[in-house]
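# Notes for the structure review
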Amino acid sequence: MKNVVMTCCINYDYEIFERFIGSLFDCTNNVDLVIFIGENDVEHILKLKKKYNNIIYFVIDNKNVHIVNYRFYLYYHFLNTNKNKYNYIFICDSRDVLFQKDIFSHPLLNNNHDLYIFKEESLDITIDKCKFNSLYINKSGLDIHNLVKNKPILCVGTILGNNKGILNYLKAFNDILFNNISEQNKSYYGTDSGINYAIIYGNLLKNINIYV
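Note that the structure is predicted; figures quoted are calculated from it, not measured. (Residues numbered from 1 in each chain as written. Predicted model: local features only at pLDDT ≥ 70, side-chain atom pairs only at ≥ 80, totals over all residues. Heavy atoms only, no water.)

### Here we look at the sheet that holds strand β1 (residues 2-8)
Note the cut-off: Strand pairing is assigned whenever DSSP identifies at least 2 bridges connecting the two strands. Each helix is a run of H or I in the DSSP string that is no shorter than four residues. Each strand is a run of E no shorter than two, and both are numbered from the N terminus.
Spatially, seven strands are ordered β3-β2-β1-β4-β6-β5-β7 in an open sheet, and the strand pairing comes out mixed. Unpaired on one side and paired on the other, β3 (55-59) and β7 (210-211) mark the two borders of the sheet. The sheet contact formed by strand β5 (residues 115-119) and β7 spans two bridges and is parallel. Among the inter-strand pairings, L115 is bridged to a residue of β7, identified as I210.

Below you can see the structure in the form of structure tokens.
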């Protein structure tokens, strides 16, 4: 089975697309890239598809939902319509991500966890001490301040897992996004971080083996 990397890359210069996609395919084998783009980005992708065959792209309209939040709906919808096609799935940012090695060959995958969550290295800056992450909690509108205070910062922009782990994570994310988040808060950058904290620190994935 193949692995897949999923990302959104919208309204960036060609160099951003080339850097992300080139670094992925230069060091990773047997992988598809599923990338969600805007109308203005089609020419960039068509140019890169001439060099890299395994690019699957969709032009999207996220309407009034900020793309950092809406992307999790896009990922879930794609994987639901392509069930059991991929072994491991890596959902990540694009503008600030570079691949140096094949992430799907990382030794950690040998321990057979379902979901891999990446933690910030800083030991002295917890969520409550970080002005950005504290703001993301506020922007989500979720009542999780007591739940996450003094907890380490987790990255919502890089999440790795098998089909079971990622689908369950995405289902939980979308349940919160569309049932517990106001229309206004859906439009905010950073709401995705609040939802991520609610899922992981709230232990919402009961049957998923998580490695942080």
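### Quick look at the pairing of strand β4 (residues 86-92)
Quick note on the threshold: Here's how the labels work: a residue is buried when its accessible area is under 20% of the maximum for its type, exposed when over 50%, partly exposed in between, all with a 1.4 Å probe on protein chains only.
Buried residues dominate β4, accounting for six of its seven residues. By the bridge criterion, four bridges tie β1 to β4 in an arrangement that is parallel. Across the sheet, residue K2 finds its bridge partner in β4, namely Y86.

### Structural notes on unusual backbone geometry
You will see that N11, though not glycine, has its phi angle at about 65 degrees, which is positive. Relative to the elements of secondary structure, N11 occurs in the loop between β1 and α1 (14-27). Notably, N112 is not glycine yet its phi reads approximately 60 degrees, a positive angle. You can see N112 is positioned in the loop between β4 and β5. Judged by its relative accessible area of 58%, N112 is exposed.

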